[in-house]
Structures are given as C-alpha cells and as structure tokens.
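Examination of the molecular architecture
For reference, the chains in residue letters:
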Amino acid sequence: MTKQPSAKSSENSRLLVTALHVIALGLLGLHLYVRTLPPTPDPIPAPESAETAWWGLWPITYLPMWAVATGVIAVIASIFSYWLIELRRPQNNAKQTPDAARSIQSVLWVLSIVLFAAFFLFPIVHTRWGDAFILTKGIAFPDPTLRLTRSWQAPLDVALHSEVWLWFHEPFGWKDAMPVYRLLSPLAGALYLLAALALSRHPLLAPAWLPYGLLTTLGLMQLFFGYVENYSFAAAGVLAYLWLGLGVISGRQPLWLAATVLAVTHATHPSTIVLAPSLLYLGWLSVQRGWRNRATRNKTIGAVVLQIALPMMLVGGATFAFMEASGHGVAALLSTDRPGGGDARWFVPLFETTTRWEHYTMASWPHIRDWLNNQLLVAPIVLPSLVVAGVAWIQREKKIRRLRDWRVESGDSTVVRSLPISQSPNLQSPVSSLQSLRFLLIAAAFHLLFTFVWNPDYGGQRDWDLFSLAALPTTVLLALLLPNVLRGRALWGGVAPLIILQAWHTIAWIYQNTLPWQWPD
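Description of the structure in this document. For every chain, the first residue of the written sequence is number 1, and numbering continues from 1 along that sequence. It should be noted that, the model being predicted, local features are given only for residues of pLDDT at least 70 and side-chain atom pairs only at 80 or more, the latter also being counted only at that level, while totals for whole chains, interfaces and linings use all residues. Only heavy atoms go into the side-chain values, all of them from the structure, while hydrogens and water stay out.

Some points on the packing of aromatic side chains
How two aromatic rings sit relative to each other is given by the distance of their centres and the angle of their planes. Pairing of aromatic rings covers Phe, Tyr and the six-membered ring of Trp, with a centre-to-centre limit of 6.5 Å; geometry is then stacked below 30 degrees between planes, edge-to-face above 60, and tilted otherwise. The tally for this structure, following the rule as stated, stands at 22 aromatic pairs. Relative to W174, the ring of F168 has its centre 6.4 Å away and its plane inclined at 55 degrees; by these criteria the two rings are tilted. For F168, a relative accessible area of 34% gives the class partly exposed. The interplanar angle of 85 degrees and the centroid separation of 5.8 Å between the aromatic rings of F347 and W454 together place this pair among those described as edge-to-face. With F347 in the loop between α13 (330–333) and α14 (365–378) and W454 in the loop between α16 (430–453) and α17 (464–468), this pair connects stretches of sequence that are 107 residues apart. Buried means the residue's accessible area, taken with a 1.4 Å probe over protein chains only, is under 20% of the maximum for its type, while exposed means over 50%, and partly exposed covers the values in between. Every helix listed is a DSSP run of H or I at least four residues long, and every strand listed is a run of E at least two residues long, numbered separately from the N terminus.

Here is the structure:
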C-alpha cells in the first residue's frame, strides 16, 4: 500500500502550484496590456515607439481578437480546472503506469508529425532584418563573383544553403534563396523534434510530456518555419548535444559522440562554443569515474582528453580546410568576415558607445530591457518558473539534509519519504541526477552570460535569434527540476497553464511573421 503524502507536503505543493499560476496570470496580463499600446506606424519601430519597449510581447498585437480570447480562456480554464479537482479530491500523487507512459510517447510522435507538416504548411515571411535580406538575395546574386557562398559567421550553414541553391535553382526556377530556407529549416526542425522526443524518454525528465511540451512551445520553434537565418541547424545541434550529455552522465552514451555533435554544432554556428565548459565538465566526470581504478588512471585521462580533443580537432580542421579550399579562408576570418560584426567589437561596451553598431552600455536600462524582452520573446515562462522551482528545490534539500542529520544522530534508519533530487526516484543513481543538474547549470549559465555580454549589432530585437539558443539548456534544466518538487496532479496542474500560455505566445509570433511584409523603400 502506498502512503499518502503528509499534510505539510500537500500544502507545499499547493503553494508551489499557486506560484506557477501567478506567473501564468502575470504573463497573461502583460500580453493583454501590450495590446492596449499604440501600434507601430513604421515598418521598423522607432526608438521611442511602444514596440521598442515591449517587443518581446509585441506579436500578441497581431492576433485577431477571437484567437486572443481563445488563449485567455484556455489558460484560465486550465487553472480553474486544477483547483476545482484539487479542492474536491486533494492529495493525488499517483505515479504514471508503464502503459500510460507508452501511450504518451505515441501521442508525442503524432504531435511531432503534425508539427513537421506545419513547418512546411505555414512558412514565415522573414526578410525584415538585415541578415535575412542579405542571405536571400546574396546567395542567389546574379554575379557569381559577388555571390554569397561562404561565411565564417556560420560556416557549414551558409555553405549548405548556398550549395543547395546552386544545385536546384535552375530546374525549379528559384529567383532567390527563400525556397532553400523553406526546405532546409523544416528538416532542421525534424532533427530538433527527434532530439526533443529522445529527451522525453530520459528517466530523469519523466513524465515525457513535460520536456516535450516545454521545448516545442519555445519561441525558437519559429526557426523551423522556413526561417531565413543561420540558427536552425544550430538549435537542433544544441538540443542533441544536451541529450547526449545527459546520456554520458547516465552511462548510456559515449563521450566522444557528445563531443562530435558539439563540434559539428560549432561549425554550424560558432556562438555555440559557449557550451564548451559543459563538455569539459563531462570530461571531468569521466576522469573521476576512471580515477577509482589505480591501474587505469593514466589511460583514463588520456582516453578522455582524446575523446574531447580529437572530434574538435577533426571537425575544426576539416572546417578550416573546407573554407580555405572554397576561397574564404583564414584571411577572410581575420579581415572582412572577422567576428564581432560591423565594428569587430564583441561585447556590449561598459561605459560609452563609440560606433553605430553599439546601442547601449552594459548597465543601462535599454540593455537590460532588451535582454528581458529576448527572454519574453523566446521563452516567456522558463526563467520565472526556473526561479520558483529552484527556490523550492533548495528549501527541500535543506529540509531533507536536516532530517537526515537528525536521523543519523538519533540512530533512526527509516527512509525519508520525500526525496530530494540527490535521491530522485526518476533515476537509478542519485549521483547521476546531481551531475545532470550541474551539467545543465553550467550549460545554461554560460549561454545566458553570452546573451548578456555579447553586443547585438542590429539591436536586441533584430538579433533575437542569435540569443535564442540559450533557452534550450535553461528549459531542459527546468524540466529536470519540476518533477523533483512537484508530483502527479500538482505537476500537470502547475505546468499546464504555463505551457498553454507559451504555445499561445509562440503561435502569435509565428502568425505575425506569416503575414505579407515588404522591405521599406
């Protein structure tokens, strides 16, 4: 017979669900407030316009009223239904049965097929920002000597799109590179969905609907609807790497495979190098495992170094050789195609702006506002929910630690019923769950730091996609924490309104960019 959770545990769950519902209602209120603001009269918003201040939520202004009302009703109804059931039949923390888990996986596969079809059926019209316009026209430029075929900003991504256009533009009559992006970005989306499905099967992230729902409602899903830029395959690569990284920790995947996927992702878009510290952490864990055996210590260190360094050297070396052979090698990397954009300055300036590519200083409100807007645009529910779940987990860990110490001192050997993440019931090894937490924390922290310090040449709104990939490790981290602070009905009751709201927000954004738009004269 399973024991019912204590009244205190039930009270804590209700408090946590309430906090998540407050987040959902707060974000819902902000969306509705933004709809009351004056519309943007120009194709590109002026610095003093309302859109410049609220661009992270601005897509909601494009939704028709019936769609707005549908989203509002869905969010409020999900909150109301949870409390209605909870007040009538409290304390339901039933575990998911294997048959139910298999049924959910089948549903997720069907949803993935529907999403993949949607990538092709609802292509966006995204040429309003500089690089998208340059890519669609430059790859197909009539003069071969001026045509965009290679770029160090995204070596493999630009090369792939350029080559596909060269192969197929004549037989299909393509006048620009838009059809190439409408073909390849959904294929990158298929890889992303496969990685999301793989993550949903990881025991540490159970139930499966949680990571899948969080990941497939992120704003960066727009990258797969025919998006014209260099980040679609990078997004799929980052998510695949996170899945493999968790697999390395649980002993299910080899370290060299995770390193290889990350190396290829670097070659797709070099900004993903910010994930290198998390790979080094995986290497450190591998060294620690082999260090226990004195006879193999030296071999272990060498093998781990080789598993990380060799894929990086091979993929990196092949990328440099390919770019050099294509006539866009190291000389271009150090001159016309240098990192840092138009002014070759990497970071947001500390005290003053000196070029037209710098829009604010590090501690200024416009910079902080742009950073917050990027979070709202790409992953509106993730960081607020992560704060709530993180605080709940820390408090729970402290409580369990005090109780464990007391039982050691008193000689009581009974098992603590409410386990912390360090003894997660979702994973067979307590050590692995803590290591997974640290791995995702490192990946999320460095990627978020990158979004804050790197200078967006076009400004935060136009360079949203450059910073969008940081939502992936933070989202997987949230999916790891939530099942360890909430169970059963409380989990779906707390998270469902947030996922519905994020899906509604992302649909509004995709809809906005499917509307016809012309580059201003």
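A short note on the packing of helix α3 (residues 65–88) against helix α19 (residues 488–512)
A pair of packed helices is captured by two measures, namely the crossing angle of their axes and the spacing between those axes. In the contact formed by α3 and α19, the axes pass within 9 Å of each other and the chain directions differ by 175 degrees. Judged by the inter-axis angle, α3 sits roughly antiparallel to α19. Residues A67, V68, G71, V72, A74, V75, S78, I79, Y82, I85 and E86 of α3 form the contact with α19, whose participating residues are R489, A490, W492, G493, P497, I500, L501 and W504. Broken down by class, the residue content of the contact of α3 with α19 amounts to 14 nonpolar, three polar and two charged. Every angle, taken between N-to-C directions, lies between 0 and 180 degrees, and every axis is a line fitted to C-alpha atoms, over only the stretch in contact when it is a helix. For this classification, under 35 degrees means roughly parallel, over 145 means roughly antiparallel, 65 to 115 means roughly perpendicular, and everything else is oblique. We call two residues in contact when some of their heavy atoms are within 4.5 Å. Residues are grouped as follows: Ala, Val, Leu, Ile, Met, Phe, Trp, Tyr, Cys and Pro are nonpolar; Asp, Glu, Lys and Arg are charged; every other residue, Gly included, is polar.

What to know about the environment of P64
Assignment of secondary structure puts P64 in the loop between α2 (50–54) and α3. Expressed as a C-alpha distance, the spacing of P64 and A508, which sit 444 residues apart in the sequence, is 9.4 Å.

Digging into a nonpolar patch on the surface
Here the term patch refers to residues with relative accessible area over 30% and no salt bridge, with like charges joined within 9 Å and nonpolar side chains (Val, Leu, Ile, Met, Phe, Trp, Tyr) within 5 Å. The accessible surface values rely on the Shrake-Rupley method and a 1.4 Å probe; as for residues, cover is taken only from the protein chains in view. Salt bridges, as used here, are contacts in which a Lys or Arg side-chain nitrogen is within 4 Å of a carboxyl oxygen on Asp or Glu. Taken together, the side chains of L166, W167, F168 and F172 present a nonpolar region at the surface, about 440 Å² in accessible area. Within the secondary structure, L166 sits in helix α6 (residues 155–172). Accessibility expressed as a relative area gives 34% for L166, which makes it partly exposed.

Topic: the side chain of D337
Here D337 lies in the loop between α13 and α14. Note on charges: Lys and Arg go in the positive column, Asp and Glu in the negative column, and His and the chain ends are not counted at all. Within the buried core, D337 has no salt-bridge partner, and the shortest N-O distance to an opposite charge, that of R338, equals 8.1 Å. Polar contacts here mean pairs of N or O atoms no more than 3.5 Å apart (in protein, one a potential hydrogen donor and the other a potential acceptor; neighbouring residues in sequence count only if both atoms are side-chain atoms). Of the polar contacts made by the side chain of D337, one reaches the side chain of H328; its length is 2.9 Å. Setting aside anything within four residues of it in sequence, one finds D337 in contact with S151, W152, Q153, H328 and A332.

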